Amino acid sequence: MSAQRILDRAGQDELLQIRNDLVTVYRPISAEDPRLFPLRYSRMPARRGAPVPVLIIPDGPAMASVLPYDPLRRTFSAAGLDVLMVEHRGVGLSRLDAQGHDLPASAMRVREAIDDLAAVLEHGKVEQAVVLGVGYGAYLALGLAALHPERVHSLVLDSPLTSADDEVVAQAELRRLYWHGEDLRTDTIAAALRRLVVSGDIDGPHAGSVILAVHEYGGIGAVRDLVDLLVTGRGSLTWRSVRQVLAQDWLQSAPYVCEHDLVAHISRTSLGQGRHADGGPLDALQVSAQRTRGVPEFAGEELDLRALSAQIRVPALVLSGDLDLITPRAVAEDLVARMPRARLLPVRETGHSILDSHAAIAQIAARWSGAGAGHLLVERADELAALPRTPANRALTSGLHLALAAEQISPWRMRIQTVRHDREGASVDPHSRRARTVKM
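Keep in mind that this is a model prediction, so the values were computed, not measured.

*Asks:* What exactly am I supposed to notice about the overall build of the chain here?
*Replies:* Helices and strands together make up the secondary structure of the chain, namely 18 helices and 12 strands. Out of the 440 residues belonging to the chain, those deemed buried represent 54%. Of all intrachain contacts in the chain linking residues separated by at least 6 positions in sequence, the fraction that spans at least 24 positions is 73%.

*Asks:* Explain the pattern of salt bridges to me, please; I cannot follow it from the model alone.
*Replies:* For side chains bearing opposite charge, pairing can occur when the charged atoms are close. Throughout the structure, instances matching the rule amount to 24 salt bridges. Note that arginine 95 is salt-bridged to aspartate 261, the shortest N-O span being 3.1 Å. In this pair, arginine 95 is assigned in the loop between strand E4 (83–86) and helix H4 (110–123) and aspartate 261 in the loop between strand E8 (258–259) and helix H10 (264–270), connecting sequence segments 166 residues apart. Owing to a relative accessible area of 5%, arginine 95 belongs among the buried residues under this scheme. A salt bridge links glutamate 112 to arginine 109, with the nearest nitrogen and oxygen atoms 3.2 Å apart. When its relative accessible area of 25% is taken as the criterion, arginine 109 is described as partly exposed. It is possible to trace a salt-bridge network through shared partners that takes in Asp21, Asp70, Arg73 and Arg74.

*Asks:* How should I be thinking about the packing of helix H7 (residues 187–198) against helix H8 (residues 207–231) in this particular structure?
*Replies:* Between two packed helices, the angle of one axis relative to the other and the distance separating the axes together describe the packing. Two elements in contact, H7 and H8, have axes whose closest approach is 10 Å; the angle formed by their N-to-C orientations is 65 degrees. With respect to the hand of their crossing, H7 and H8 are arranged in left-handed fashion. Each of Thr188, Ile189, Ala192, Leu193 and Leu196 in H7 lies in contact with H8, whose residues at this interface are Ile211, Ile220, Val223, Arg224, Val227, Leu230 and Val231. Residues belonging to the contact of H7 with H8 are distributed by class as follows: 10 nonpolar, one polar and one charged.

*Asks:* Just checking my understanding: could you explain the sheet that holds strand E10 (residues 342–347) for this structure?
*Replies:* Each strand in a sheet pairs with another by means of backbone hydrogen bonds, the pair being arranged parallel or else antiparallel. Strand order in the open sheet formed by eight strands is E1-E2-E4-E3-E5-E6-E9-E10, and the pairing between neighbours is mixed. Across the chains shown, the open sheet's two edge strands, defined by having one partner strand only, are strand E1 (22–28) and E10. The mean angle between the axes of side-by-side strands here comes to 25 degrees, regardless of whether they run parallel or antiparallel. Relative to strand E2 (residues 36–44), E1 runs antiparallel, the two being bridged by seven bridges. Bridge pairing links leucine 22 to serine 42 in E2.

*Asks:* Explain the side chain of aspartate 283 here, please?
*Replies:* Assignment of secondary structure puts aspartate 283 in the loop between H10 and helix H11 (286–291). As a buried residue without a salt bridge, aspartate 283 has its nearest oppositely charged side chain in arginine 175, at a separation of 4.4 Å. There is a polar contact of 3.0 Å between the side chain of aspartate 283 and the backbone nitrogen of aspartate 278. Sequence-distant contacts of aspartate 283, defined by excluding residues within four places in its chain, comprise Gln171, Arg175, Gly204, Pro205, Gly208, Ala277 and Asp278.

*Asks:* Sorry, what's going on with unusual backbone geometry here?
*Replies:* Residues glycine 60 and proline 61 are joined by a peptide bond in cis, for which omega reads 10 degrees. Note on placement: proline 61 falls in the loop between strand E3 (54–57) and helix H3 (70–78). Positive phi is not limited to glycine here, since serine 159 has a value of about 50 degrees. Considering the arrangement of structural elements, one finds serine 159 in the loop between strand E6 (152–158) and helix H6 (166–178). Here tyrosine 256, not a glycine, exhibits a phi torsion of approximately 70 degrees, which is positive. The residue tyrosine 256 is located in the loop between strand E7 (253–254) and E8 in this model.

*Asks:* Would you mind going over the packing of H8 against helix H17 (residues 391–409) with me for this structure?
*Replies:* Contact geometry for H8 and H17: axes closest at 10 Å, N-to-C directions at 5 degrees. With respect to H17, the axis of H8 lies roughly parallel. Between H8 and H17, the contacting residues are Val214, Tyr217, Gly218, Ala222, Asp225, Leu226 and Leu229 on the first element and Asn393, Leu396, Thr397, Leu400, His401, Leu404, Glu407 and Gln408 on the second. When the residues that make up the contact of H8 with H17 are grouped by side-chain class, the tally is eight nonpolar, five polar and two charged.

*Asks:* It is not clear to me how the side chain of serine 209 should be interpreted in this structure. Could you clarify?
*Replies:* Considering the arrangement of structural elements, one finds serine 209 in helix H8. Excluding residues that lie within four positions of it along the chain, serine 209 makes contacts with Leu246, Ala284 and Val287.

*Asks:* Would you mind going over the environment of glutamine 311 with me for this structure?
*Replies:* Inspection of the secondary structure puts glutamine 311 in the loop between helix H12 (305–308) and strand E9 (316–321). Glutamine 311 sits in the exposed class, given a relative accessible area of 55%. Spatially, the C-alpha atom of glutamine 311 lies 7.2 Å from that of alanine 146, the residues being 165 residues apart in sequence.

What counts, and where the lines are drawn
Residues numbered from 1 in each chain as written. Predicted model: local features only at pLDDT ≥ 70, side-chain atom pairs only at ≥ 80, totals over all residues. Heavy atoms only, no water. Helix = DSSP H or I, 4+ residues; strand = E, 2+ residues; numbered from the N terminus. Buried < 20%, exposed > 50% of the residue type's maximum accessible area, 1.4 Å probe, protein only. Contact = heavy atoms within 4.5 Å. Salt bridge = Lys/Arg side-chain N within 4 Å of Asp/Glu carboxyl O. Axes fitted to C-alpha atoms, helices over the stretch in contact; angles between N-to-C directions. Left-handed = near helix turned anticlockwise from the far one by under 90°. Nonpolar A, V, L, I, M, F, W, Y, C, P; charged D, E, K, R; others polar. Pairing = 2+ DSSP bridges. Lys, Arg positive; Asp, Glu negative; His and termini not counted. Polar contact = N/O pair within 3.5 Å; in protein donor to acceptor, adjacent residues only side chain to side chain. Parallel < 35°, antiparallel > 145°, perpendicular 65-115°, else oblique.

Here is the structure:
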């Protein structure tokens, strides 16, 4: 099948025929609309027996699972895990009704998404599963454990989203570190950033998303390197490159990978994402606010997970990266304090979503949780953190450090290349001894 045919919605049936791991369960569009739509999920059985299947719920609500996580499912399956992943309703292979039209906005609700998960487990004849959720996926996992406790063996909650107010905690932590400098590791960085904003060298509100991205993949050291470069009149190519990537339309809509348009109703109306964007310094929430522009405003959470989580009695292992400023450590700690059988597993030098950056840790957490031993991993946090990272994470981290190193080593050459980049749409090949330009 050609790439264009895959992208065309009309090619969906052809894609389904090619793959042998996809299953369809027909679900009501909503509680008020009994018409059925095809909800897709992937089942990758273990090559050898696995006692408890693992239901993996990726972050979202815009993230697809079938295509982006195909290599991960194969790896987990080869390691002896029976893996299921549901394509979120409104995304990828689960965004169309039975007539081939987009699902209506009324179908985009958290409760419907949770019931989708229960229906998949029922359809797959899975009595109980280890439920591994990331971010929004962890939010759904908590909802599944609260509303369908009979289906949940144990929980692995990776970088968990727990309420619509978590973004306030995230915004405050980003500003605490990089604007107010209330940490000895970042006080000079914050002072330099404030000067750069006052001088007009960088845009204060829009700087938040750039700083957040650099922190996510390079930590405080990378942010310091970038800010130091900007203070000395360099670093503009790296800064602009990160900002341009974050602003690209393909991040908003890549068919079968990441599709924000339909599920923006969940993001904004049900979860209130971006509603606390205030246009102040380092306002990283502007990205979420822009994605949900034109969507009805926050109507209140459908579930009070803060209250419900205290009633969840299954074992839960909460994974939290030390660098996570999207769902900061305070959110994870608060969740662990509320849940009777939850334990916190901190992961050093790691940002949001251990599943994406450190899949080996997620795999071990799922396996040990299925065996009733997830809590024992807390004592082995250092060993786990030393495991190899995923290739994509390594590539992004290395690319960021290479870009910073290139601007540190050759400031005048990089200034010239920045001008050429702006004029010609070119970028710099950091591996070239002459820093030749490469047409994009």
